[in-house]
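Observations on the model geometry
As a plain string of letters, each chain reads:
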Amino acid sequence: MRWSYLIGPAALVALAGLVGSLFERSTEIYFINTLVALVVVLALYLFVGNSGVVSFGHVAFVALGAWTAGVLTIPAEEKTALLPSLFPWLAERQSGNLVSLLAAAAVGAVFAALVGLPLMRLSGLAAGIATFGVLEITHNVLRYYEKIGPGTTAFSSVPETTDLLQATIGGLIAVLAAFAYQNSRFGRQLRATREDPAAARAVGISVYRQRLLSFALSGAVAGFAGGLYVHLLPLTTEEVYLNLTFITLAMLVIGGLTSLWGAVVGALAVGGLDSLLAEAENGIGTFGRTIDLPAGSRIVVVGALMALVLILRPNGLTGGRELRLPRRRTA
Amino acid sequence: MVGAITWQAIADGLGLGAIYALMAVGIGLVFGVLRLVNFAYGQLIMAGAFALAVAAERGWPRWVGIALCFGVVLALSFAMERLVFRPLRAQSPAVMLVATFAVAFLLQSIALLWFGPLGKIAASFAELNQPVTIRDVDVRKITIVAIVAAAACLGVLLVLLGRTAIGLHMRAAAMDFQTARLIGVDANRVIGAAVLISGLLAGVIAVLLTVQTPLVTPDFALRDTIVVLAGVVLGGMNRLLSATLGGFAIGFVSGLLGGALPTDQSQYLPSFLFVAVILVLLVRPDGLFARRGDAVVQRV
């Protein structure tokens, strides 16, 4: 086990948190956003990076985690007014920040495991489309089923507890989880199936079981990220849908699909660029301009960058390799 | 799910099924030769629809609008092939899928910047939305036009694939690209032909879809593409026929249910649809209409 594989990514996350704390609140929010997106990217990496199977469905777990944490933390006395059609057993309950985050992770894991039970038998294109189906179904149900959440309206009165410190700690936890998994025997077995499924089977690895385990684990991290999201801003179903799927996939691909270092570098690089563009638009732009203009132009740049990286460096900025510190040579 | 399945709903289903079948062919043709699932196909259609909308706004004659639509779609198709597909040809299909996902978002956000989120109205064929009454059933003219146009396109394609040299080459390339090249099939020519035909189909679909929904927004045809992709996989990606049948089936079912279900149920239509798709994929991962014993080489 090479500790530099952990220390590099973790140090980068901590650095992002530290640098963010130097700024005032209006700039700090970009750092918080990026760090929460990083957690989603790490969830995605945990499954996609280790298994080599593309998933478009992870944002569904993020959404479900957000719904869980959001519904749990809205003050009970406001809940009857805000969400009148909620199930009674949900309406009575109220919990603190930490409990809601843990519950979000648990719900993410359970949902991913349930969904994975049938889906992990698929591979290739069928798996891609089926995970997309999971995203569509989840989005559709959360949008219209008002017994479990706000439906088409935004979450309100959720305590905004995701500050820079919490986002940084969240990022570090996710890095640690991804590192621990990929160094465990399960992570190594899954990576073996990624490299050569037939050879992996031949030495007795169950591709199905390893993928399922990884899927459930990444569901937990994604649910946790959703919990962080809902405590950050008044969330709607549209924020945890195609755009988030795109941007997090872009982050992972730009950084390098197959390494933890790549996931972290990609998330922070793209997040930083995205924030810079947003800030530049705000700085230069007059208030007369429409808000949709900068929102669109950021995605143009990120999309172009993603296509460019894929064409020029298909393995991502890091080449899909972990960080290696230069070693002191012993004479 | 108790609803009235009327002739009306069946007509709607057939119309949507016809359009989705064409989209499935457009996606399936390129998949055949490149093993690449083009996620950005819907954005080609969107670009064509915006061309129609701009032409309508300026008051240009219809044929100019249609010419502009086809011009834009074809130019974009070839640009996409040259700039994205070709450099990535040697990459794994997973990388290609993600790349076309990126292109889709790129085109959509360019449209957002250019035309704004509210979109434009392409109303030059509005009178095709008028219904004609056939035995007490009101059928919109566009439904009939869509079915006829789809049948015509598929007929021409059938002749092209079955009776011409380039069609033979395309079929050979779809079966085994490497071997086809070894016996003298020109790779770039075959891919060019597939991109051309798929682009032409996108133009036809753009015209048909703008009549059905004249409001063109940056996410025009995005939902349709997602559903058609599911349909294509559902039918079976490895043969053009099964992919087309899958596209038609999913279009027919969603058109039928969309018309037959009351609103409080039809809002969950995407869920029903995708649950059905996932269930089918579990039972038949190679697709509903795939031939048994087909050697399946899926490399995504």
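Here the structure is a predicted model, which means the values were calculated and not measured.

1. With respect to the packing of helix α9 (residues 222-235) of chain B against helix α12 (residues 269-283) of chain B
All names here are of chain B. Remark: α9 packs on α12, axes separated minimally by 10 Å, with the N-to-C direction vectors making an angle of 25 degrees. Judged on the interaxial angle alone, α12 and α9 are roughly parallel. When the axes of α9 and α12 are compared, the crossing they make is left-handed. Contact residues: Arg223, Ile226, Val227, Ala230, Val233 and Leu234 in α9; Pro270, Leu273, Phe274, Val277, Val280 and Leu281 in α12.

2. A closer look at the packing of aromatic side chains
Applying the stated criterion across every chain yields a total of 20 aromatic pairs over all chains. Centroid distance A:Phe56 to B:Phe39: 6.1 Å. Interplanar angle 35 degrees. Geometry classified as tilted. Of this pair, A:Phe56 sits in the loop between α2 (25-51) and α3 (58-73) while B:Phe39 is found in the loop between α1 (7-34) and α2 (41-58), placing the two residues in two different chains. Ring plane angle 5 degrees and centroid distance 4.0 Å describe the contact between B:Phe50 and B:Phe115, whose orientation is recorded as stacked. Here B:Phe50, found in helix α2, pairs with B:Phe115, found in helix α4 (residues 93-115); they are 65 residues apart in sequence, far enough to count as distant. Residue B:Phe115 is classed as partly exposed on the basis of its relative accessible area, which comes to 22%.

3. Considering the layout of surface pockets
All names here are of chain B. Taken as a whole, the second largest pocket spans an internal volume of roughly 1,500 Å³. Lining the second largest pocket we find 49 residues, and of these Gly32, Ala174, Asn238, Arg239 and Leu240 sit closest to its centre. Listed by contribution, the elements that provide at least two residues to the lining of the second largest pocket are α1, α4, α5 (141-163), α6 (165-175), α7 (177-182) and α10 (240-260). Top element by residues in the lining of the second largest pocket is α1. It accounts for ten residues.

4. Brief notes about the interface of chain B and chain A
Opposite the 42 residues of chain B that make contact, chain A presents 40 residues. Interface area for chain B against chain A, summed over the two sides, is near 3,600 Å², with a carbon-plus-sulfur share of 82%. Interface area lost by chain B to chain A is led by B:Phe101, B:Phe105 and B:Leu113, which between them contribute 16%. Scanning the region where chain B abuts chain A turns up one salt bridge. Taking the shortest distance from any N to any O, the salt bridge between A:Glu136 and B:Arg223 comes out at 2.8 Å. Connecting chain B to chain A are seven residue pairs in polar contact (both at pLDDT 80 or more). Broken down by secondary-structure element, the contributors of at least two residues to the side of chain B that touches chain A are α3 (62-85), α4, α9 and α12 of chain B. Among the elements that line the side of chain B that touches chain A, the one with the most residues is α4(B), at 13 residues. When its residues are assigned to classes, the side of chain B that touches chain A shows 36 nonpolar, five polar and one charged.

5. A few points about a positive patch on the surface
All names here are of chain A. Positive charge collects at one region of the surface, where Arg2, Arg313, Arg321 and Arg324 lie side by side. Looking at the secondary structure, you find Arg313 in the segment after α14 (292-312). Judged by its relative accessible area of 41%, Arg313 falls in the partly exposed class.

6. Quick word on the nonpolar core
The biggest cluster of nonpolar side chains holds 196 residues, and the ones touching the most others in it are A:Tyr229, B:Tyr41, B:Ile45 and B:Met170. When residues of this core are assigned to their parent elements, the largest contribution, 16 residues, is made by helix α8 (residues 187-212) of chain B. Dropping the residues within four chain positions of it, B:Met170 is found in contact with B:Leu29, B:Val33, B:Leu161, B:Val190, B:Ala193, B:Ala194 and B:Ile197.

7. Details of helix α11 (residues 207-230) of chain A
The periodicity of an α-helix, 3.6 residues per turn, causes residues three or four places apart in sequence to face the same way. Here α11(A) spans 34 Å end to end across 24 residues, near enough to the 34 Å set by a 1.5 Å rise per residue. When you tally the buried positions in α11(A), you get 20 out of 24 residues, the bulk of the element.

8. With respect to the confidence of the model for chain A
In this model, chain A carries a mean pLDDT of 89, and residues with pLDDT of at least 70 account for 93%. The low-confidence segment residues 289-293 of chain A (pLDDT under 50) makes four contacts with residues lying over four places distant or belonging to another chain.

9. Structural notes on the packing of α6(B) against α8(B)
Residue and element names in this part refer to chain B. One can describe the packing of α6 onto α8 by two numbers: an axis separation of 10 Å at closest approach and a directional angle of 100 degrees. One finds that α6 runs roughly perpendicular with respect to α8. Residues Ile166, His169, Met170 and Ala173 of α6 touch α8, and the partners they reach there are Arg189, Val190, Ala193, Ala194 and Ile197. Taken together, the residues that form the contact of α6 with α8 break down as seven nonpolar, one polar and one charged.

Rules and cut-offs
Residues numbered from 1 in each chain as written. Chains lettered and ligands numbered in written order. Predicted model: local features only at pLDDT ≥ 70, side-chain atom pairs only at ≥ 80, totals over all residues. Heavy atoms only, no water. Axes fitted to C-alpha atoms, helices over the stretch in contact; angles between N-to-C directions. Helix = DSSP H or I, 4+ residues; strand = E, 2+ residues; numbered from the N terminus. Parallel < 35°, antiparallel > 145°, perpendicular 65-115°, else oblique. Left-handed = near helix turned anticlockwise from the far one by under 90°. Contact = heavy atoms within 4.5 Å. Phe/Tyr/Trp six-rings, centres within 6.5 Å; stacked < 30°, edge-to-face > 60°. Buried < 20%, exposed > 50% of the residue type's maximum accessible area, 1.4 Å probe, protein only. 1 Å grid on protein atoms, 1.4 Å probe; cavity = no way out; pocket = protein on both sides within 12 Å on 5 of 7 lines; lining within 4 Å. Points joined across faces, edges and corners; volume = space filled by probe spheres on them. Buried area = accessible area lost by both parts, 1.4 Å probe. Salt bridge = Lys/Arg side-chain N within 4 Å of Asp/Glu carboxyl O. Polar contact = N/O pair within 3.5 Å; in protein donor to acceptor, adjacent residues only side chain to side chain. Nonpolar A, V, L, I, M, F, W, Y, C, P; charged D, E, K, R; others polar. Patch = residues over 30% accessible without salt bridge, like charges linked within 9 Å, V, L, I, M, F, W, Y side chains within 5 Å. Areas by Shrake-Rupley, 256 points an atom, 1.4 Å probe, with all protein chains shown as cover. Lys, Arg positive; Asp, Glu negative; His and termini not counted. Charge placed at Lys NZ, Arg CZ, Asp CG, Glu CD. Core = buried A, V, L, I, M, F, W, Y, C linked by side-chain atoms within 4.5 Å. Expected span 1.5 Å × (residues − 1). pLDDT = per-residue confidence, 0-100.

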